[in-house]
Amino acid sequence: MILVTGATGSVGREVVRLLHKDGLKVRALVRNPEKANLPAGVERVAGDLLKSETFLAALEGVEKVFWMLPLAADFDFPRIARLSGVRHIVLLSAATVEIGAGNAIARLHLKAEQAVRESGVSWTFLRPSGFMTDAFRWKDSIRSEGVVRVPFGDLSIPIIDSRDTAAVAAKALSSDGHEGKIYTLTGPERLTRREQVRILGEVLGRDIGFETIPDDIAYEQLLRYMPAEMVDALFELSKQGQRFSTVLSTVIEVTGRAPRTFRQWAIDHAEEFG
């Protein structure tokens with residue numbers, strides 16, 4: 001039995017689908033089983049990763065876990081999983097851990113990796129460079145104004161389709177040889193947000209404007225939604241973007257298939273942009 005946490009998210013849902021398609025026993029941990037849009041036949045269990053008393057039952061009989069770290073993480077989860085009989089955890093971490101624990105975002109993921117290591121289970125860490133799904137944040141402004149306004153508009157990194165991250169996760173959960181492996185994951189090309197918007201416009205057949213928000217204004221805006229240490233962490237990551245700019249072959253090496261381009265992602269999700 002494989003437990004997938006974050007099973008209704010863009011990565012977790014695809015992990016569930018791939019494992020189920022291959023005939024594996026999958027249990028999805030979700031907050032609301034009745035509303036979870038998952039394949040028929042997948043076992044749904046209600047639970048909250050921030051409340052250990054709610055997910056203990058979900059761990060019964062489970063041998064492997066896909067752990068999708070929530071922002072307000074309970075780092076005790078790996079230890080509890082190990083005591084429940086889990087043998088292997090595939091953790092969705094982030095490439096930002098390379099910055100070090102001085103960065104608040106990196107520190108969150110490093111603590112998760114440390115918790116998994118210390119739990120005593122075997123493990124696989126997935127470290128994606130950044131997700132194409134972040135473009136969904138632009139839907140409202142594209143629909144209402146035909147423009148995208150973002151900070152760090154010219155930062156170029158090889159973002160990845162969530163489906164490709166999920167494909168690597170599914171391989172690590174369903175086959176041997178991934179124990180103790182750290183997979184840094186990228187898409188097939190470096191793109192700036194400006195270039196992403198251009199591609200979206202071409203796919204949608206629309207002229208979409210683009211504006212880079214100046215750093216000082218962006219800083220003040222971000223403070224409305226997140227703590228200052230997280231905003232500082234984002235700005236630090238933007239300044240060190242070159243550290244995450246290398247296109248890697250990890251996806252094809254693990255899955256045997258090349259990762260999707262942003263243009264393909266945009267084509268597949270065009271309807272969601274209206």
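Residues numbered from 1 in each chain as written. Predicted model: local features only at pLDDT ≥ 70, side-chain atom pairs only at ≥ 80, totals over all residues. Heavy atoms only, no water.

Caption draft 1: Expanded view of the overall build of the chain. Counting its regular elements, the chain contains 11 helices and 9 strands. Relative to a compact globule of 274 residues, whose C-alpha radius of gyration would be 19 Å, the chain shows 19 Å and is just as compact. Sorting the 274 residues of the chain into buried and exposed places 51% on the buried side. Sequence separation of 24 or more characterises 70% of the internal contacts of the chain that already satisfy a separation of 6 or more. When the accessible surface of the chain is summed, it comes to about 12900 Å², and 49% of that surface belongs to carbon and sulfur atoms. Distance between charge centroids for the chain: 3 Å, based on 35 positive and 36 negative side chains. (Helix = DSSP H or I, 4+ residues; strand = E, 2+ residues; numbered from the N terminus. Rg over C-alpha atoms; globule rule 2.2 N^0.38 Å. Buried < 20%, exposed > 50% of the residue type's maximum accessible area, 1.4 Å probe, protein only. Contact = heavy atoms within 4.5 Å. Areas by Shrake-Rupley, 256 points an atom, 1.4 Å probe, with all protein chains shown as cover. Lys, Arg positive; Asp, Glu negative; His and termini not counted. Charge placed at Lys NZ, Arg CZ, Asp CG, Glu CD.)

Caption draft 2: How the structure looks around the sheet that holds strand E8 (residues 181-185). Spatial ordering of the open sheet is given by E3-E2-E1-E4-E5-E6-E8, a layout of 7 strands whose pairing is parallel. This sheet does not close on itself; its edge strands, each paired only once, are strand E3 (43-46) and E8. When strand polarity is set aside, the average angle formed by the axes of neighbouring strands in this sheet is 20°. Where strand E4 (residues 64-68) and strand E5 (residues 88-92) come together, 5 bridges link them in parallel fashion. Paired with Met-68 across the strands is Leu-92, a residue of E5. (Pairing = 2+ DSSP bridges. Axes fitted to C-alpha atoms, helices over the stretch in contact; angles between N-to-C directions.)

Caption draft 3: Expanded view of the packing of helix H1 (residues 10-21) against helix H6 (residues 162-174). Across the interface, H1 lies against H6 with an axial gap of 8 Å and an inter-helix angle of 50°. Overall, the two elements H1 and H6 adopt an arrangement that is oblique. Crossing angle aside, the handedness with which H1 passes H6 is right-handed. Residue-level inspection shows Ser-10, Val-11, Glu-14, Val-15, Leu-18 and Leu-19 of H1 in contact with H6, the latter providing Ser-162, Arg-163, Thr-165, Ala-166, Ala-167, Ala-169, Ala-170, Leu-173 and Ser-174. Looking at the contact of H1 with H6 residue by residue, the class counts come to 9 nonpolar, 4 polar and 2 charged. (Parallel < 35°, antiparallel > 145°, perpendicular 65-115°, else oblique. Left-handed = near helix turned anticlockwise from the far one by under 90°. Nonpolar A, V, L, I, M, F, W, Y, C, P; charged D, E, K, R; others polar.)

Caption draft 4: The arrangement of H1 in detail. Across its 12 residues, H1 extends 17 Å between first and last C-alpha, which sits within 8% of the 16 Å expected from 1.5 Å per residue. Burial in H1 covers these residues: Val-11, Gly-12, Glu-14, Val-15, Val-16, Leu-18 and Leu-19. Among the structural elements, strand E1 (2-4), strand E2 (26-30), E4, E5 and H6 are those in contact with the buried residues of H1. Downstream of H1 by one or two residues, Gly-23 has phi in the positive range, about 80°. (Expected span 1.5 Å × (residues − 1).)

Caption draft 5: Geometry of the environment of Val-62. Residue position: Val-62 is located in the loop between helix H2 (52-55) and E4. For Val-62 and Arg-87, which are 25 residues apart along the polypeptide, the C-alpha to C-alpha distance reads 8.4 Å. Not counting chain neighbours up to four residues away, the residues in contact with Val-62 comprise Met-1, Leu-3, Arg-27, Gly-85 and Val-86.

Caption draft 6: Inspection of helix H4 (residues 104-119) at higher detail. Here H4 spans 23 Å end to end across 16 residues, near enough to the 22 Å set by a 1.5 Å rise per residue. Residues of H4 that are buried: Ala-104, Ile-105, Ala-106, Leu-108, His-109, Ala-112, Glu-113, Ala-115, Val-116 and Ser-119. Structurally, H4 contributes buried residues whose contacts are with E4, helix H3 (77-83), E5, strand E6 (122-128) and helix H9 (228-239). The backbone nitrogen of Ile-105 has a side-chain oxygen 3.0 Å away, supplied by the residue at the start of H4, namely Asn-103. Backbone geometry just after H4 places Gly-120 at a positive phi near 95°. (Polar contact = N/O pair within 3.5 Å; in protein donor to acceptor, adjacent residues only side chain to side chain.)

Caption draft 7: Layout of the packing of aromatic side chains. Under the definition given, this model contains 9 aromatic pairs. Their ring planes at 85° and their centres at 5.0 Å tell us that Phe-152 and Phe-235 sit as a pair that is edge-to-face. Residue Phe-152 is found in the loop between strand E7 (147-150) and H6, and its partner Phe-235 is found in helix H9; the two are separated by 83 residues along the sequence. You can call Phe-152 buried: its relative accessible area is 15%. Three or more aromatic residues joined by ring pairs form one cluster here, namely Phe-136, Phe-262, Trp-265 and Phe-273. (Phe/Tyr/Trp six-rings, centres within 6.5 Å; stacked < 30°, edge-to-face > 60°.)

Caption draft 8: Inspection of the pattern of salt bridges at higher detail. Within this structure, the stated rule accounts for 19 salt bridges. The salt bridge partner of Glu-145 is Arg-149, with a shortest N-O separation of 3.1 Å. Overall, the relative accessible area of 38% leaves Arg-149 in the partly exposed class. Residue Arg-194 pairs with Asp-154 through a salt bridge whose shortest N-O separation is 2.9 Å. Placement of the pair is Arg-194 in helix H7 (residues 193-204) and Asp-154 in the loop between E7 and H6, with a sequence separation of 40 residues. (Salt bridge = Lys/Arg side-chain N within 4 Å of Asp/Glu carboxyl O.)

Caption draft 9: Quick look at the environment of Arg-163. For Arg-163, the location among the structural elements is in helix H6. Residues Arg-163 and Leu-18, 145 residues apart in the sequence, show an inter-C-alpha distance of 9.6 Å. Once residues lying within four places of it in the same chain are set aside, the contact partners of Arg-163 are Glu-14, Arg-260, Trp-265, Asp-268 and His-269. At a separation of 2.9 Å, a polar atom in the side chain of Arg-163 contacts the side chain of Asp-268.

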